[in-house]
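# Examining the three-dimensional arrangement
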Amino acid sequence: CSYNRCLQEADKINAYVGYRRSINDPITADLAYRLLLNDHVIYQPVGDVTFEIVDSIMNRNNVKLIEQNLIKMKTVNEPRLLLLSLLYNNFRNLFLYQECTDKNNVEQLTGLTKMECNIARNRLGRYSDKELLRAMHIIQDLESGVKLGKIDEAITIDYLVAQII
């Protein structure tokens, strides 16, 4: 975390404390921090649990491990739309890698980076092309549903896991 980021977050807390004081409803900086953190106003770095879930789903680990990571994710309040986005990108990258017939020129033909190719290569064969396309469609539907207010964000990952695994 950079020094400027810390200053920005401190400014948010101070502004909120000042606002509450101006409407005769004073609060402490600690309470302001907790309220802003809960409302996702304060920056929260992506935790390891998000990447653990992505790896678990992409590697088709057992359902128990995925469920444990989902519980951790909910406990630390990780953003679900971010997880959907990461999963979509991973499914897309794997699909592009699997479909590419010239494995020597995958990067040039697909636009994937060397690291994305290495990750996709390690996951090769865990999903069929049909399963990958289906997963991408489900994720797109979930993302647009959440953004349009048609789907509650809280159920998106559970629904996705139930549909894919």
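Right above here is the structure, for reference.
Every value quoted in this text rests on a predicted model; they were computed, and no experiment measured them. (Residues numbered from 1 in each chain as written. Predicted model: local features only at pLDDT ≥ 70, side-chain atom pairs only at ≥ 80, totals over all residues. Heavy atoms only, no water.)

## Observations regarding helix α8 (residues 129–147)
A rise of 1.5 Å per residue sets the reference length of α8, with its 19 residues, at 27 Å; its end C-alpha atoms lie 27 Å apart and thus fit the reference within 8%. Burial in α8 covers these residues: Leu 132, Ala 135, Met 136, Ile 138, Ile 139, Leu 142, Glu 143, Gly 145 and Val 146. Taken together, the buried residues of α8 touch α5 (80–99) and α9 (156–164). Following α8 by one or two positions, Gly 149 has its phi on the positive side, about 80°. (Helix = DSSP H or I, 4+ residues; strand = E, 2+ residues; numbered from the N terminus. Expected span 1.5 Å × (residues − 1). Buried < 20%, exposed > 50% of the residue type's maximum accessible area, 1.4 Å probe, protein only. Contact = heavy atoms within 4.5 Å.)

## As for the packing of aromatic side chains
Applying the stated rule across the entire model yields two aromatic pairs. The positively charged end of Lys 103 is found above the aromatic ring belonging to Tyr 97, 4.6 Å away from the centroid. (Phe/Tyr/Trp six-rings, centres within 6.5 Å; stacked < 30°, edge-to-face > 60°. Lys NZ or Arg CZ within 6 Å of the ring centre and 35° of its normal.)

## Considering unusual backbone geometry
Of note in this structure, Asn 24 is not a glycine but carries a positive phi near 60°. Positionally, Asn 24 belongs in the loop between α1 (3–22) and α2 (29–38). Among the residues examined, Asn 24 registers a relative accessible area of 71% and is labelled exposed. Phi angles above zero are rare outside glycine, and Arg 60 is one such case at about 55°. Looking at where Arg 60 falls in the secondary structure, it is placed in the loop between α3 (48–58) and α4 (63–75). Among the residues examined, Arg 60 registers a relative accessible area of 33% and is labelled partly exposed.

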